[in-house]
Amino acid sequence: MEQIYLFDSVKKEKIPFISQEEKKVKIYVCGPTVYDDAHLGHARSAIVFDLLHRVLKANNYDVTMVKNFTDIDDKIINKMAKTGKSLEEITSFYIKAYLDDMEALNILPNTIEPKATQNLEAMEELIKKLLDQDKAYILDNGVYFDTSKDTHYGEISHRISDENSQARVETNSLKKDSKDFALWKFSNENELDDNVSFSTSFGKGRPGWHCECSAMIDKHLSDHNLEFAVDIHGGGADLLFPHHENEAAQTRMAYNQEIAKYWLHNGFVNIDGQKMSKSLGNSFFLKDALKSYNPEVIRFYMLTTYYRADLNFNEEDLISSKKRLDKLYRLKKRLYGGGVGAIDKKFKNDILNALNDDLNTSKAFAFIDEFVSVSNESLDVQPKNKGLKKEILANIQFLNEILGIGYQDAFTYFQFGVGEQIKQTLEQLIIKRDEAKKNKDYETSDKIRAELNDMGISLMDTPNGTVWERL
């Protein structure tokens, strides 16, 4: 396998990946604020960093993958006011919904999934360090980071101000500098509920958004003997500024340590040419997409676009991706019930080397298309070659390991969208047909097959029984 190269968002170039500790890599990815259902932007970020996780594992790295949940935030407080539900009720509901969606998308489990509310002591410790070092100051509404004390501020994003990206930063005319940001927000008279207000040595309130990630990285991942807190820090492109810039500043000033050796950011998901945004009202919830399309189709579709590029989500391309994935499953269907053999080493190396080149999925999928085509041609010529079949299945199994695709039963994949009631009817008809065949009542057997065909269902008799799929 070849050296891994990644595009670093800060250096703005593709560079070799060398972890701080040999064959060990620590990754921190900014997770969702759990006040609503996940949208396609969340899905894309999860799939991108899941791919990175898989590629590193395939290169024999021991991966520690951490993704947080922001479970205290103004948006959650607004949801509490609107619904009358507690913080715990809202956040636990949306965390479960998010994790269910991630499981459907075949996202590998994270090593740690810290919640902000469970790491308040680490945040208090971080803020106290900054106050003690005179790198933060207290105003009437909170504790603020003094950006003037950080001579490297702005070096992560190469920006020092952006009005459109400061939505979570409350303005205060008494701030020393407009770039200064809240580390801790003091409670007002309407926020005395202990569910959203926490006691600290510097005042009762709740953490600022940026503070949360720095504190959790230090608590769960950082080794202060190393130059960087983590090997890779990732998230959506919209987080580069101010969020990641501010995270880096906090860690740099509090712990005299850079937060990340490598910075990776995935592109936006656009619908009709506009960046997905709740404020624009064009957010496409993932749960709605999952009702209409097999989760694997959505995963496959999102993987076909280079991770740093914006994905222009549209149904036409999604359907094209489904047809492309269908071909892989039709190949798998030809091997139904067979065993797995040894992988084709050249195929494995071709795929892995493509992905080692900054997650080049376009190149990897070109190899997959060729593999599907050549495999079908070989099976046409050698339909009874068991060694060939086992090798093809091993290659497909590797695609699940490295890309998270091709993992479903070949017939179950083609059953997506058929309701449970209809499935029960189909199973009953298949049992009747099997009984008719046993009794050599081929007329009844053929009638049932024809009836199912009229329902848009195709049957295949295998050594393991009769299986079906949608036409």
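Residues numbered from 1 in each chain as written. Predicted model: local features only at pLDDT ≥ 70, side-chain atom pairs only at ≥ 80, totals over all residues. Heavy atoms only, no water.

1. Details of helix α15 (residues 442-454)
Inference 1: Between its first and last C-alpha atoms α15 spans 18 Å; for 13 residues at 1.5 Å apiece the expected length is 18 Å, and the two agree.
Inference 2: Every buried residue of α15 is listed here: Ser445, Ile448 and Leu452. Taken end-on, α15 shows its buried residues confined to a sector of 65°, consistent with a single buried face. Exposed side of α15, more than 90 degrees from the buried face: Glu443, Asp446, Lys447 and Asp454 are the residues found there.
Inference 3: Where α15 terminates, the next one or two residues include Gly456, which has phi positive at roughly 85°. (Helix = DSSP H or I, 4+ residues; strand = E, 2+ residues; numbered from the N terminus. Expected span 1.5 Å × (residues − 1). Buried < 20%, exposed > 50% of the residue type's maximum accessible area, 1.4 Å probe, protein only. Arc of directions from axis to C-beta.)

2. Considering the confidence of the model for the protein chain
Inference 1: For the protein chain, the mean per-residue pLDDT works out to 92, and 93% of the residues sit at or above 70.
Inference 2: Note on residues 162-169: pLDDT is under 50 here. Beyond four places in sequence and across chains, it has 15 contacts. (pLDDT = per-residue confidence, 0-100. Contact = heavy atoms within 4.5 Å.)

3. Points about the pattern of salt bridges
Inference 1: Evaluation of the coordinates by the stated rule reveals 25 salt bridges.
Inference 2: For Arg252, the salt bridge is made with Glu258, and the minimal N-O distance between the two is 2.8 Å.
Inference 3: Glu258 gets classed as partly exposed once you look at its relative accessible area, which sits at 27%.
Inference 4: In this structure, Lys322 engages Asp326 in a salt bridge whose closest nitrogen and oxygen atoms are separated by 3.0 Å. Taken together, the residues Lys322 and Asp326, both in helix α9 (residues 315-334) and four residues apart, mark about one turn of the helix.
Inference 5: The buried category is assigned to Asp326, whose relative accessible area is 11%.
Inference 6: Each member of the salt-bridge network shares a partner with another, and the members are Asp134, Asp146, Lys149 and Lys176. (Salt bridge = Lys/Arg side-chain N within 4 Å of Asp/Glu carboxyl O.)

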